[in-house]
Each structure stands twice: as structure tokens, then as C-alpha cells.
Amino acid sequence: MEALKKIIEAAWDNRELLKEKQTVLAVKTVIEDLDCGNIRVAEPTTDGWQVNEWIKKAVILYFPLQKMQTIEVGPFEFHDKIRLKTGYASKGIRVVPHAIARYGAYISSGVVMMPSYVNIGAYVDAGTMVDTWATVGSCAQIGKDVHLSGGVGIGGVLEPVQAAPVIIEDGAFIGSRCIVVEGVRVGKEAVLGANVTLTGSSKIIDVTGETPIEYKGYVPERSVVIPGSYAKQFPAGSYNVPAALIIGKRKDSTDKKTSLNEALRENNVAV
């Protein structure tokens, strides 16, 4: 792996190296390893999540190596540089028409893809549901048993390479039409109610105690979150701007489905 990394880093600094067979093979090997789940753009460690910048660089370098080609699927036609992912049956993945995943995205066994889109470099772990018209952006990391509800937008990131991807940890429930972008991390078993928008600068305010606790870029584990707002002063006056409010905690239950239903019912959360 270190040998691959060294070749990628050299090509990143000197694009002329993309003309060499060794470099081309290295880039294509990285993309194949991403597709198979052997490597990840970001991975959990004992010290938190680690972003592997060199792998993101390989994804970016893959594009100039690929030629545009026409892909025909029955009456449908695409014209792109990246081929579509294939072999779903052997991988144990359910793919409902018209779900699309690009080659270089890893999708684990047991994933269900309703008509949706998963981009190159993304990682979708076992048992996750990617619901209708949900999109998983480049390099996004989706954990086990996650539910991405209808119309959810998970942002992608390739450049700048040092930027962290969006991370949705195991067991999280992302409600309809939610938007999660700019490297936000949603903790394990958290619940986002419908239409929550989280960016790197969004205020995420825990209002369950006597005084508010503010987070940015991170939703704590098992938090139940709804759209909210706070007053902000402008030259023209005070106006409400969007925020996300933590209004409760999902119960630490071994029955995740039961605890999810209770969290939604008890906190009156729309999904």
C-alpha cells in the first residue's frame, strides 16, 4: 500500500507522470480497491476518523486517465468517463431500477438501493437503505444499518483533498429531504427529522438542558434533531437564520427499530 501511495503522491505533484504505465496502473488499482472495499477514503480508528488524502488524490487523477464513452442501457444512454458499477447479484445487493452507482464506489452486501445515486469513492456499509432519489456524494462514508430516506442529499468532496468527507455512522436515520454536506459527521444511531440541513458552519444546538450546548460539524450519538432557527443581528435588523436543534436522545436499546420508532413518536419528529 505504501508503494501505491508513493506513486500517487508523485503523480499528484507532477501530472506528466500520468503518461507512465506504472502510474496508470497504480491509479486504476486504487479505484479497483475502492470499488471492492479494500480501502476507504476515510476510516474509523481508535483516535477517531482518519482521512486518507492520497486516496482522494487517486480518485481525482482517475478522471484525466479516462476517455468519454457512450453507455447504453436499453433505451437509456449515458456519455461519461466512469463506467457503472456491476455484479450486484453476486455481491448480495438489491438494486431497484433506476438506481445507479459509479464504478469506484463500494456497496456492501445487504444494501438496498431504491432509485438513487452513489458516486465514486463513496462507501456504503452493510444493511443500509438508500431510499428513493437519495444521493450519496463522492467519498461520503455511510455506516451499517443506516436509513437514508427519500430525497436525502449527502454531499461529496474531492477537493480540497484535505477536506473531510461527510460521515454517517452506524444505525443513523436521516429523514426525508435532509441535506448533510461539508464534512459533517452524524454520530451512531442519531435521528435527523425531515428537512434538517447541516453544513460545516451550521449551528447544532442541544436544547434539552437548562442552557444550550452548541456543536458545529458534529451530531452526537443517538441525538434526535429537528430543523430550527436562531436570531442573528444584521445591519438591517435581527432576523432568524436556520439551525438544527437537538431535542432529545434515542434510547440505547438493542432493538434499533423499536428505539427509532419511540424516538420519533416521543419527540414528535416528522421524517
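For the structure, see preceding data.
Residues numbered from 1 in each chain as written. Predicted model: local features only at pLDDT ≥ 70, side-chain atom pairs only at ≥ 80, totals over all residues. Heavy atoms only, no water.

S.K.: Can you break down the overall build of the protein residue by residue, with the values?
M.R.: When helices and strands are tallied, the protein shows five helices and 26 strands. Computed over the C-alpha atoms, the radius of gyration of the protein is 20 Å, within 12% of the 18 Å expected from 2.2 N^0.38 for a compact globule of 271 residues. Its C-alpha atoms put the protein at 65 × 45 × 40 Å along the principal axes. In the protein, which comprises 271 residues, the share counted as buried stands at 47%. Long-range pairs, those at least 24 residues apart, make up 37% of the contacts in the protein with a sequence separation of at least 6. For the protein, the exposed area adds up to about 13,400 Å²; of that, 51% sits on carbon and sulfur atoms. (Helix = DSSP H or I, 4+ residues; strand = E, 2+ residues; numbered from the N terminus. Rg over C-alpha atoms; globule rule 2.2 N^0.38 Å. Buried < 20%, exposed > 50% of the residue type's maximum accessible area, 1.4 Å probe, protein only. Contact = heavy atoms within 4.5 Å. Areas by Shrake-Rupley, 256 points an atom, 1.4 Å probe, with all protein chains shown as cover.)

S.K.: Would you mind going over the nonpolar core in detail, with residue names and values included?
M.R.: Core analysis: the biggest nonpolar cluster contains 37 residues, and Leu148, Ile154, Ile168, Ile174, Val186, Leu192 and Leu198 have the highest contact counts within it. Setting aside chain neighbours within four positions, we find Ile168 in contact with Gln141, Ile142, Gly143, Val146, Ile154, Ile174, Val180 and Val186. Core analysis: the second largest hydrophobic core is formed by 26 residues, Ile7, Leu18, Cys139 and Val161 among them. (Core = buried A, V, L, I, M, F, W, Y, C linked by side-chain atoms within 4.5 Å.)

S.K.: How would you summarise helix H2 (residues 21–36) if you had to cite specific residues and measurements?
M.R.: If you check H2, its first and last C-alpha atoms are 22 Å apart, about what 16 residues at 1.5 Å a residue would give, namely 22 Å. For H2, the set of buried residues is Thr23, Ala26, Val27, Val30, Ile31, Asp33, Leu34 and Asp35. On the buried face of H2, the contacting elements are helix H1 (2–13), helix H3 (53–65) and strand S7 (106–107). Downstream of H2 by a residue or two, Gly37 has a phi angle that is positive, lying close to 80°. (Expected span 1.5 Å × (residues − 1).)

S.K.: I'd love a proper account of the packing of H1 against H3, names of residues and values included.
M.R.: Contact pair H1 / H3: the axes reach a minimum separation of 9 Å and the direction vectors enclose 55°. The orientation of H1 relative to H3 falls into the category oblique. Of the two elements, H1 crosses H3, and the hand of that crossing is left-handed. Counted together, Leu4, Lys5, Ile8, Glu9, Ala11 and Trp12 of H1 and Trp54, Lys57, Ala58, Ile60 and Leu61 of H3 form the full contact between these two elements. Taken together, the residues that form the contact of H1 with H3 break down as eight nonpolar, no polar and three charged. (Axes fitted to C-alpha atoms, helices over the stretch in contact; angles between N-to-C directions. Parallel < 35°, antiparallel > 145°, perpendicular 65-115°, else oblique. Left-handed = near helix turned anticlockwise from the far one by under 90°. Nonpolar A, V, L, I, M, F, W, Y, C, P; charged D, E, K, R; others polar.)

S.K.: Can you tell me about the sheet that holds strand S20 (residues 191–192), naming the residues and giving the values?
M.R.: The strand order S5-S8-S11-S14-S17-S20-S25-S26-S22-S23 describes an open sheet built from ten strands, whose pairing is mixed. One side of each edge strand has no neighbouring strand; the edge strands of this open sheet are strand S5 (94–95) and strand S23 (213–215). (Pairing = 2+ DSSP bridges.)

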